[in-house]
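# Chains, contacts and geometry: an overview
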Amino acid sequence: MKTHTILLSLLWLGTLPCLGSADRPSQLPERYRDFAIYTTSRPDPTNPAQIEMSIQLVNRGQRSLPTRVELNPRPKLGFKGGSTELDLAAGQMTTWQLTFHPPDGLVKEVIEGAIFFKSTRARDLFIAVRGPDPEGWQPDSEPEVDDPSETLVITDRAQVVATYAPRVRIDWWQRHPSSTITADQRVEPTVTLAARGRTDYAILVDVPEAAERENTDFQGAVADLARCIRIISGGAELPVVVSPEQGQRAIRLRFNNQSQWPHPDAYHLYTTSGGDVMIESGHVDGLRNGIYGLLTDHLDCHWFMPGTLGEEIPQPGNQAAVIGQIDQRRCPAFYSAARTNWGGGRWNLRNRNVARRGRIMYGHAFASLLKGTPELYEQHPEWWARDRAGTVRIFDQETGWSFTNFCTTNPQVLDMIARKINDQLDGPDAILASIDPNDLAPFCLCESCRAVDSSYGADNPDGRFSTDRMLHFANEIHQRLDPENQDKQLGFLVYGWQIELPETAKPGPGVTGTICYMDWDYDHTRPMNDPTAPSNKKFLRLVKGWGKLLPMMGYYDYPTDYVHFAPYGQVMKLREDIPLVHDLGVTCMVIEGQPIQATSALNLYICSRLQYDVKEDVDVLVEEFIHKFHGPAAEPMRNYWLGAEYYTATLRPGPRAQDRMTRIPAMWEALDGYLKEAETLVANLPENQKRFRDRVAFQRDGFELARRKCAIRDLVYTRQKAVKPHALTAENRQRAEDYQKWIATTRQRHAADDSYWPPLLPVHYYSSLSNFVGGVLKKLDAAGVPSASD
Ligand SMILES: [Zn+2]
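Residues numbered from 1 in each chain as written. Predicted model: local features only at pLDDT ≥ 70, side-chain atom pairs only at ≥ 80, totals over all residues. Heavy atoms only, no water.

## Examining the overall build of the protein chain
Within the protein chain, the regular secondary structure consists of 19 helices and 24 strands. If you sum the accessible surface of the protein chain, you get close to 32900 Å²; carbon and sulfur atoms cover 52% of it. In the protein chain, 87 positive and 100 negative side-chain charges are present, and the distance between their average locations comes to 3 Å. (Helix = DSSP H or I, 4+ residues; strand = E, 2+ residues; numbered from the N terminus. Areas by Shrake-Rupley, 256 points an atom, 1.4 Å probe, with all protein chains shown as cover. Lys, Arg positive; Asp, Glu negative; His and termini not counted. Charge placed at Lys NZ, Arg CZ, Asp CG, Glu CD.)

The structure is reproduced here in structure tokens:
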């Protein structure tokens, strides 16, 4: 028996593809996020020339981890290296103390090491150390840290600023369920849906008209199903029918509202003994997800970026679309999700990141409910936010980003707002209305508003701690909803003057909030649960607190560099944050996924996949992205994407990580080098692999767009945005004009076939870019620096 088993497994191993054929080592923690490592430092109180380093090892998992950590010596830092070995029990945290003697004039050094679980080398380890900041140095162009414990300036002789422990390269990604099933993993008997241009399958749409059979997104998915199988099989056309011919097998899309589904968009995908493929759901959106489940999880079709260039549909040598036996139920992790890739409509649907059509989404709304005018301020001052003396706190912004708030306790205002909200909620499709204040507009300080604050024990002297009264107002409006609207939601943003936890007010039924993870206030250089960033400690406390208060809670994050459009590694953060907020009670995701694809595509892709399933193994997804999207350029492009992660993750803590990332010369140099290697590899690819060359070219365009912008910024402006002395030169004028021309040409090239190229920049950012270059040229004009072409 024993011999037989061994023989079988040897044979079985022999059929595996050589790349990525291993299984996941059993010694690894159950989940990546079960193990964490953080480092802090302080000068030795008895000898300030010596720095004490405390390394925290955390096991958040369910089983004990036999752990070994090794740190290499770093002579430039006066660090001798070290190693520790321990059994880290489930739920345990332990601290390991080390010291080093940094030299004078230290700028930045990184201690390198490795983490093992038993004999498996599981993580690389990087501990970033910085020397003191120069006299008068300022951290950011616009620091807005509201946590007093945030130390943005380093005064110690050396300070540990970051710990980054990414997983080592994995060779088991292809066999992990997070990647598409491999041929040898298919459960027998296999089913051939189509081969060599022929098929005996149809796509049967078994959906009543009343169940939105004609829904555009659903119809688009049906078309994708037929199209992808056509591509895989070398031209087979699956007819789309509402009743199959005798003996015709089918991929059957069956509307089933009899079963109990865990989520409206959930689906059941399975094969039958007769050879049919069934996709069942109680909603067309679930059927749509099931189609993309079949295409991605089983037929290896991927949409890594928007545009034709972002699509990767296999064209196997045997021209066969084959699946194994399937019985799979999947369901979105969040009740509602949306906007992961702005303007990437179909891309979002194909990656299954839209849940409940993203209906739980809202923004600032006071002005749309009741907007002030000079006449109204005059006639009805009592309707508006007023100061203690009774003067209206006018906040109408010329550019329209914000307006004057109304008073939230005035009875007339409450009646007007309740009537408007009831109108908005009219009809079964409206399930939510926004009652969010105008962006950062001051709240009312009238006697009755202040009485509301004190009734909750809230001290709100200048209207900047308005959480209790915001909840009070939301409850008041909800009580005024018509009976048919009582089960609907009122939403506000947990943001601005109502981000702090309330003193005692509680949201009533039907009141929901969305917490905003503002990157200008909070830290995006490390995961939210990393305690070495004080602002994130605060944010985590808020998420935990609000998660307990709100039965339905939204989460809003910004995983792109929408300022400079530069490389920005957020995968190391999204991988921890999204499952964490899910655990803490977030039910609705809204992502500000600005389509800055060339430098942020990996962030958006990973974000999207986690939004659908928080349990996905992110390293598996990353390897699949790199290998399948970049093909022959996978090696250097892997370094490119992971390089962006490394440089972001080794920054000091603090807000505005994007901006700080652009100020690391080594980052630009390293990433440029990887792109050059990739360019060499794809330069002479045959025509049928042209897409791999175009993908590298696309990355290059996005990289140059950002690099040239930042180079001009650094030549012309100080970090505090003042023009540098001696910067207004003919050479810089040439640089700016060249850049302007380059933008126009690049934009034109991409626009020439905009269904092929993913968006390089959204339209609104092209105008901000042109304002930037225009601003530089204006300064040169004013200084009388002539154009080279004059
Ligand atoms: Zn008031």
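Let us keep going from here.
## A look at the coordination of the zinc ion
With distances of 2.3 Å, the protein atoms coordinating the zinc ion are C407 (SG), C444 (SG), C446 (SG) and C449 (SG). Around the zinc ion sit 4 donor atoms; with metal-centred angles ranging over 102 to 117 degrees, the donor geometry is tetrahedral. Read in sequence order, the donor residues for the zinc ion give the motif C-x36-C-x1-C-x2-C. A residue pair is termed long-range when its members are at least 10 positions apart, and C407 in the loop between α6 (374-379) and α7 (411-424) and C449 in helix α8 (residues 447-455) qualify at 42 residues. Its relative accessible area of 1% is what places C407 among the buried residues. Here C449 falls in the buried class, since its relative accessible area comes to 0%. (Donors = N, O, S within 2.8 Å, 3.2 Å for Na, K, Ca; no water. Tetrahedral: all angles 85-135°; square planar, octahedral: opposite > 155°, others 65-115°. Buried < 20%, exposed > 50% of the residue type's maximum accessible area, 1.4 Å probe, protein only.)

## Examining the side chain of D672
Within the fold, D672 resides in helix α16 (residues 665-682). Taking the relative accessible area as the measure of exposure, D672 reaches 8% and is therefore buried. In this structure D672 touches R700, F703, E704 and R707, once residues within four positions along its chain are discounted. (Contact = heavy atoms within 4.5 Å.)

## A short note on unusual backbone geometry
The omega torsion of the bond from E188 to P189 falls at -10 degrees, within 30 degrees of zero and hence cis. Its place among the elements puts P189 in the loop between β8 (159-164) and β9 (191-195). Of note in this structure, R357 is not a glycine but carries a positive phi near 55 degrees. Take R357: it is sitting in the loop between α4 (345-350) and α5 (366-369).

## Regarding the packing of aromatic side chains
One pass over the full model with this rule turns up 32 aromatic pairs. Plain terms: the ring middles of Y377 and W384 are 5.3 Å apart, the flat faces sit at 85 degrees to each other, and that makes the pair edge-to-face. Summarising the burial analysis for this pair, Y377 and W384 share the class buried. Between Y605 and F625 the ring centres are 5.5 Å apart and the planes differ by 45 degrees, which places this aromatic pair in the tilted class. Highlighted residues: Y605 in helix α12 (residues 597-612) and F625 in helix α13 (residues 618-630), separated in sequence by 20 residues. The exposure class assigned to Y605 is buried, which follows from its relative accessible area of 1%. Members of the aromatic cluster, each reached through a chain of ring pairs, are F304, Y605, F625, F629, Y640, W641, W668 and F703. (Phe/Tyr/Trp six-rings, centres within 6.5 Å; stacked < 30°, edge-to-face > 60°.)

## Some words on the packing of helix α2 (residues 216-232) against helix α3 (residues 284-298)
In the contact formed by α2 and α3, the axes pass within 9 Å of each other and the chain directions differ by 20 degrees. Considering the angle they form, α2 stands roughly parallel to α3. The two elements α2 and α3 cross, and the hand of that crossing is left-handed. Facing α2, whose interface residues are D217, F218, G220, A221, V222, D224, L225 and C228, α3 presents V284, L287, R288, I291, Y292, L294 and L295. (Axes fitted to C-alpha atoms, helices over the stretch in contact; angles between N-to-C directions. Parallel < 35°, antiparallel > 145°, perpendicular 65-115°, else oblique. Left-handed = near helix turned anticlockwise from the far one by under 90°.)

## As for the sheet that holds strand β5 (residues 93-100)
Reading across from one edge, β1-β2-β5 is the order of the 3 strands in this open sheet, with antiparallel pairing throughout. Pairing within the sheet leaves two strands with one partner each, and these edge strands are β1 (35-44) and β5. Direction aside, the axes of adjacent strands within the sheet are offset by 20 degrees on average. Bridging between β1 and strand β2 (residues 47-59) involves 10 bridges; their strand directions are antiparallel. Note that in β2 the partner of T40 across the bridge is S54. (Pairing = 2+ DSSP bridges.)

## Quick look at the environment of G508
Within the secondary structure, G508 sits in the loop between β21 (489-494) and β22 (511-516). Given a relative accessible area of 17%, G508 falls into the buried group. The sequence separation of G508 and P551 amounts to 43 residues, and the corresponding C-alpha distance is 9.5 Å.

## Some thoughts on the pattern of salt bridges
Pairing of side chains with opposite charge becomes possible as their charged atoms draw close. Per the stated rule, a full pass over the model turns up 60 salt bridges. One salt bridge in this structure joins E30 and R63, with 3.6 Å as the shortest N-O distance. Note that E30 is positioned in the loop between α1 (2-14) and β1 and R63 in the loop between β2 and β3 (65-71), a separation of 33 residues in sequence. According to the relative accessible area criterion, R63 is partly exposed, its value standing at 34%. Among the ionic contacts, a cluster of salt bridges with common partners joins D297, R330, R352, R609, D613 and E616. (Salt bridge = Lys/Arg side-chain N within 4 Å of Asp/Glu carboxyl O.)

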